[in-house]
Amino acid sequence: MELKLNNQEIKKVESLNSVLSKLKQVVSAKKLKTSKQREDILSLIYNSKVHLNSEEIAAIMKKNNKDSSISSVYRILQFLETYGFVTSIDVDKNGKRYEIAAKEHHYHIICLGCGKITEFIDDEIKDKQLQIAHSLQCQLVSDNLRLFVVCNKCQKEQKIY
Ligand SMILES: [Zn+2]
Ligand SMILES: [Zn+2]
């Protein structure tokens, strides 16, 4: 069984340059104006070690460019998700957190106390899912596994749910 529990070990399957050039292709195919902000947000999500939410992304963008507005950030995030550049996970009532789509397939463990997200890969789970789908004569298209936990630190601080 292969279990990787370190965020940094989930490999990206594509370089930032390649992701950005795909963005350029979509933008020109859709006859949209190129936007520095769109590219910056995609780069930010690519390089981030954590799963940022839209408010955090907007705050970082604002720091670099005073003209950046939260509504434009929302619009761009929606665009990037629609065209498969980023994916989001619903963590809690605070909404979606984003990550780059060009990452090795992995699962998430989410702490209900502090919101910490840990990523992991487990080949046995992957095989089991395929087995289940095949046993029902189905083809597995995608999956989305989230484990909601109280992490060790939150247990010690008695943030028990
Ligand atoms: Zn926690
Ligand atoms: Zn992830």
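Just so you know, the residues in each chain are numbered from 1, in the order the chain's sequence is written. Think of it this way: whatever chain is written first is A, whatever ligand is written first is 1, and the rest follow in order. Side-chain atom pairs in this predicted model are given and counted only at pLDDT of 80 or more, local residue features only at pLDDT of at least 70, and totals for whole chains, interfaces and linings cover all residues. As a convention, hydrogens and water are excluded, and side-chain values are obtained from all of the structure's heavy atoms.

Asks: Explain the packing of helix α3 (residues 54-64) against helix α4 (residues 70-82) to me, using residue names and the numbers behind them.
Replies: Angles run from 0 to 180 degrees between N-to-C directions of axes, and those axes are lines fitted to C-alpha atoms, restricted for helices to the stretch in contact. Counting from the N terminus, the helices are the DSSP runs of H or I reaching at least four residues and the strands are the DSSP runs of E reaching at least two. In contact at an axis separation of 9 Å, α3 and α4 are set at 120° when each is read in the N-to-C sense. Between α3 and α4, the angle is such that the two are oblique. Considering how the two elements wind past one another, α3 and α4 form a crossing that is right-handed. Between α3, through Ser-54, Glu-55, Ile-57, Ala-58 and Met-61, and α4, the contact on the second element is made entirely by Ile-70, Val-73, Tyr-74 and Leu-77. Residues are grouped as follows: Ala, Val, Leu, Ile, Met, Phe, Trp, Tyr, Cys and Pro are nonpolar; Asp, Glu, Lys and Arg are charged; all remaining types, including Gly, are polar. By residue class, the composition of the contact of α3 with α4 is 7 nonpolar, 1 polar and 1 charged. Should an angle fall under 35 degrees it is called roughly parallel, over 145 degrees roughly antiparallel, and 65 to 115 degrees roughly perpendicular, with every other angle called oblique. Should the near helix be turned anticlockwise from the far one by less than a right angle, the crossing is left-handed, and should it be turned clockwise, the crossing is right-handed. In this analysis, two residues are considered to be in contact whenever any of their non-hydrogen atoms come within 4.5 Å of each other.

Asks: Break down empty space enclosed by the protein for me, citing the residues and quoting the values.
Replies: Note on definitions: the grid is 1 Å and covers protein atoms alone; a cavity is a set of points where a 1.4 Å probe fits but cannot get out; a pocket is an open set with protein on both sides within 12 Å along at least five of seven lines; lining residues have an atom within 4 Å of a point. Grid points are joined across faces, edges and corners, and a volume is the space filled by probe spheres set on the points. For the structure on display, the rule yields 2 cavities of 30 Å³ or more. Reported here for the largest cavity is a volume of approximately 60 Å³. Lining the largest cavity we find Lys-12, Ile-45, Tyr-46, Ser-48, Lys-49, Val-50, His-51, Tyr-98, Glu-99, Ile-100, Lys-103 and Glu-119. Those elements that provide at least two residues to the lining of the largest cavity are α2 (36-47) and β4 (95-100).

Asks: Mind laying out the sheet that holds β4, listing which residues take part and the relevant values?
Replies: Strand pairing is assigned whenever DSSP detects at least two bridges linking the two strands. What the 3 strands build is an open sheet, ordered β2-β4-β3; its pairing is antiparallel. Sheet topology places β2 (52-53) and β3 (86-92) at the edges, where each strand pairs with a single neighbour. Across the face of the sheet, α4 comes into contact with β3 and β4 while running at roughly 115° to β3.

Asks: Break down the nonpolar core for me, with residues and values.
Replies: By convention a nonpolar core is built from buried Ala, Val, Leu, Ile, Met, Phe, Trp, Tyr and Cys residues, the set being connected through side-chain atoms within 4.5 Å. Using a 1.4 Å probe on the protein chains alone, a residue whose accessible area is under 20% of its type maximum counts as buried, one over 50% counts as exposed, and one in between counts as partly exposed. Residues Ile-41, Leu-42, Ile-45, Ile-57 and Leu-80 are the most contacted members of the largest nonpolar core, which totals 24 residues. Taken together, the elements giving at least two residues each to this core come down to α1 (16-29), α2, α3, α4 and β4. Filtering out sequence-adjacent residues up to four positions away, Leu-42 remains in contact with Val-19, Leu-20, Leu-23, Leu-80, Phe-85, Val-86 and Ile-100.

Asks: Just give me the short version of the coordination of the zinc ion (ligand 2), but keep the residues and values in it.
Replies: His-51 (NE2), Glu-99 (OE), Glu-99 (OE), His-106 (NE2), His-108 (NE2) and Glu-119 (OE) make up the full set of protein donors to the zinc ion (ligand 2), lying at 1.9 to 2.6 Å. Coordinating donors are taken to be N, O and S atoms lying within 2.8 Å of the metal, or within 3.2 Å when the metal is Na, K or Ca; because water is excluded from the atom set, some sites may appear incomplete. Between consecutive donors of the zinc ion (ligand 2), the numbers of intervening residues give the motif H-x47-E-x6-H-x1-H-x10-E. Each of the two residues, Glu-99 as well as His-106, counts as buried.

Asks: Quick rundown of the coordination of the zinc ion (ligand 1)? Include the residues and the values.
Replies: Protein ligation of the zinc ion (ligand 1) involves Cys-111 (SG), Cys-114 (SG), Cys-151 (SG) and Cys-154 (SG), the donor distances falling in the range 2.2 to 2.3 Å. Considering all 4 donor atoms around the zinc ion (ligand 1), the spread of angles at the metal, 106 to 116°, places the coordination shape in the tetrahedral class. With relative accessibility at 35%, the residue Cys-114 sits in the partly exposed group. Judged by relative accessible area, which is 16%, Cys-151 ranks as buried. Geometry assignment treats four donors as tetrahedral when all angles are between 85 and 135 degrees, treats four as square planar and six as octahedral when opposite donors are over 155 degrees apart and all others between 65 and 115, and treats everything else as irregular.

Asks: Give a detailed account of the domain arrangement of the chain, specifying residues and quantitative values.
Replies: As assigned here, the chain comprises domain 1 (12-100) and domain 2 (107-156). In this assembly, 6 residues from domain 1 lie in contact with 6 residues from domain 2. Carbon and sulfur atoms supply 62% of the area that domain 1 and domain 2 bury against each other, a total of about 570 Å² over both sides. Of all residues in domain 1, His-51, Ile-89 and Val-91 give up the largest surface area on contact with domain 2, accounting jointly for 67% of the area buried on that side. Here, a salt bridge means any Lys or Arg side-chain nitrogen found within 4 Å of an Asp or Glu carboxyl oxygen. At the boundary of domain 1 and domain 2, one finds 0 salt bridges. Residues adjacent in sequence count toward polar contacts only when both atoms are side-chain atoms; beyond that, a polar contact is any pair of N or O atoms within 3.5 Å, and within protein one must be able to donate a hydrogen and the other to accept it. Summed over the shared surface of domain 1 and domain 2, the result is 4 residue pairs in polar contact (both at pLDDT 80 or more). Of all the secondary structure elements, the ones that give two or more residues to the side of domain 1 that touches domain 2 are β3 and β4. When residues of the side of domain 1 that touches domain 2 are assigned to their parent elements, the largest contribution, 3 residues, is made by β3. Tallied by class, the residues present in the side of domain 1 that touches domain 2 amount to 2 nonpolar, 1 polar and 3 charged. Where each domain begins and ends follows an automated or database-derived domain assignment. Defined here as a combined quantity, buried area equals the accessible surface (1.4 Å probe) lost by two parts on assembly, summed across both.

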